[in-house]
Amino acid sequence: MPVTPSELGTQPVGGVARVFEDVWQLKVPVPFPLVFVASYLVREDDGWTVIDPGFDYPEGREVWRRGAKSLGLDLGGDIRRVVVTHLHPDHIGLAKWMSGRAGCPVLMSGMEIAAARRLWNPTADTDRFFRFMVRYGMDEATARPNVLKQSSRTELPDEITPLAPGEKLEMGAGSYRLIHAPGHTDHHLVFHDEHRGLLIGGDHVLLRITPNIGVWPATEPRPLARYLASVDGMRGLDVNLVLPGHGPLFHDLNGRIEELTRHHEDRLDVMYRAYAGEPATPYEIACRVFSLDLSDYQLRFALAETLAHLELLEEQGRIEVAGEHPVRHRPVRRMDDIGSEA
Ligand SMILES: [Zn+2]
């Protein structure tokens, strides 16, 4: 039986709903296929904590103005702090705008702050990304427009207060332990209130969508291996309700961990079989495994996701390096794979 969505938080995009005693969810639209990012608002004695305010564009700001009004929240004075799970623009994008209006601090993992300052640095070397994609077999014509699109930048707050895994964060009536949850980004945090069985999960565990686990130019090694170890380590946590960054709320964390683990095992097999016994570049494998009519933007994610799986296949001894310019791998025949290769 697949894990089913919760009956909580089923309001339309743009709407706000109470999802726990002191926690509300606002569905903030995003201008890409994920449709919305879930922002959470925690009621404090003297105002509100906002978790992951969303993507910064006019529709996002407008939904915040309306959502705040419906809760009787003054964006100019009632927000006490903005907490962010990870550095992606659909999560941190509105932090500067919101904290600037409210005059409140923004908090995020200290290591993630450093990564965000490097990644969203307006003078960053965009050519590095182009060379990265070409190195893994993408043709220059396809890689070039990708680089141009990447130049839309995320503005970060001038100051961000660092958080560290293992710390406790008091929010509303809850006491949340900060857990390092790598994979989707290197220093993603999730927030676990074990007494009330709540997990604020960011993009670490989503329902119906599997979080993108990719190798990007600045990613630390082995994101997929680290992701799988991280979700495996969350089995048995006291959780009755997961508040994810996208998609429906759900209750069965262990069931979802099982599904996500199986999904990646299947993807590893699919990518291994895509070699059909011959050497290939990571980009060739990405094109065989993902649908052919992807936009350049989606191709970039497909390549990053493929690289994460190939890295693990190589670590498992199922493929080996067969060339450097561009990078190529060849499958290694193992007893377990002989059946699946046919
Ligand atoms: Zn996201």
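Reference entry: report on the structure contained in this document.

This part covers helix 10 (residues 296-315). In this model, helix 10 (20 residues) spans 29 Å end to end at C-alpha, consistent with the 28 Å of a helix rising 1.5 Å per residue. Just downstream of helix 10, Gly317 is the residue with a positive phi angle, here 75°.

Core analysis: the largest hydrophobic core is formed by 93 residues, its most contacted members being Val242, Leu243 and Leu303. With nine residues, helix 10 is the largest single contributor of residues to this core.

Attention now goes to the pairing of strand 11 (residues 198-202). Within strand 11, five of the five residues are buried, which leaves the element mostly enclosed by the surrounding structure. Covered by surrounding structure in strand 11 are Leu198, Ile200 and Gly202 together with Leu199 and Gly201, the residues of both alternating faces. In the sheet, strand 10 (residues 189-193) pairs with strand 11 via three bridges, with the strands oriented antiparallel. Bridged to His192 within strand 11 is Leu199. With antiparallel pairing between neighbouring strands as the criterion, strand 10 and strand 11 make up a hairpin whose turn holds four residues, including Gly197 at a positive phi of roughly 70°.

It is worth spelling out the sheet that holds strand 5 (residues 79-83) at this point. The sheet built from seven strands is open, its strands ordered 1-2-3-4-5-6-7 with mixed pairing. Sheet topology places strand 1 (16-20) and strand 7 (161-163) at the edges, where each strand pairs with a single neighbour. Mean inter-strand twist for the sheet, computed between neighbouring axes without regard to direction, equals 30°. Pairing of strand 2 (residues 23-29) with strand 3 (residues 36-44) involves seven bridges; the strand directions are antiparallel. Bridging across to strand 3, Val23 finds its partner in Val42. In this fold helix 1 (residues 58-71) packs onto strand 1 and strand 2, with an angle of close to 150° to the strand it touches most, strand 2.

In a pair of packed helices, the angle between the axes and the distance between the axes together describe the arrangement. Where helix 9 (residues 282-289) contacts helix 10, the axes come no closer than 9 Å and their chain directions differ by 110°. When the axes of helix 9 and helix 10 are compared, the pair comes out roughly perpendicular. Facing helix 9, whose interface residues are Pro282, Tyr283, Ile285, Ala286 and Val289, helix 10 presents Ala302, Leu303, Thr306, Leu307 and Leu310.

Bringing the pairing of strand 4 (residues 47-51) into the picture now. Of all five residues making up strand 4, four are buried, and the element is well covered by its neighbours. One ladder, built from five bridges, connects strand 3 with strand 4; its direction is antiparallel. Residue Tyr40 lies in a different strand from strand 4, and its bridge partner there is Ile51. Adjacent in sequence and paired antiparallel, strand 3 and strand 4 are bridged by two residues. As judged from the four bridges shared by strand 4 and strand 5, these two strands associate in the parallel manner. Considered in strand 5, the bridge of Val50 is made with Val82. In this region the chain leaves strand 4, passes through helix 1 and returns to the parallel neighbour strand 5; the handedness of that crossover is right-handed.

A word on the sheet that holds strand 11. Strand order in this open sheet of five strands is 8-9-10-11-12, and the pairing throughout is mixed. Strands with a single pairing partner mark the edges of an open sheet, and in this sheet they are strand 8 (168-171) and strand 12 (241-244). Along the sheet, successive strands turn relative to each other by an average axial angle of 25°, direction set aside. Looking at chain direction, strand 11 and strand 12 are connected through four bridges and run parallel.

Criteria and thresholds
- Residues numbered from 1 in each chain as written.
- Predicted model: local features only at pLDDT ≥ 70, side-chain atom pairs only at ≥ 80, totals over all residues.
- Helix = DSSP H or I, 4+ residues; strand = E, 2+ residues; numbered from the N terminus.
- Expected span 1.5 Å × (residues − 1).
- Core = buried A, V, L, I, M, F, W, Y, C linked by C-beta atoms within 7 Å.
- Buried ≥ 20, exposed ≤ 12 C-beta atoms within 10 Å, placed from the backbone.
- Pairing = 2+ DSSP bridges.
- Axes fitted to C-alpha atoms, helices over the stretch in contact; angles between N-to-C directions.
- Contact = placed C-beta atoms within 7 Å.
- Parallel < 35°, antiparallel > 145°, perpendicular 65-115°, else oblique.
- Right-handed = clockwise from strand over helix to strand, strands pointing away.

Keep in mind these values describe shape, not function.
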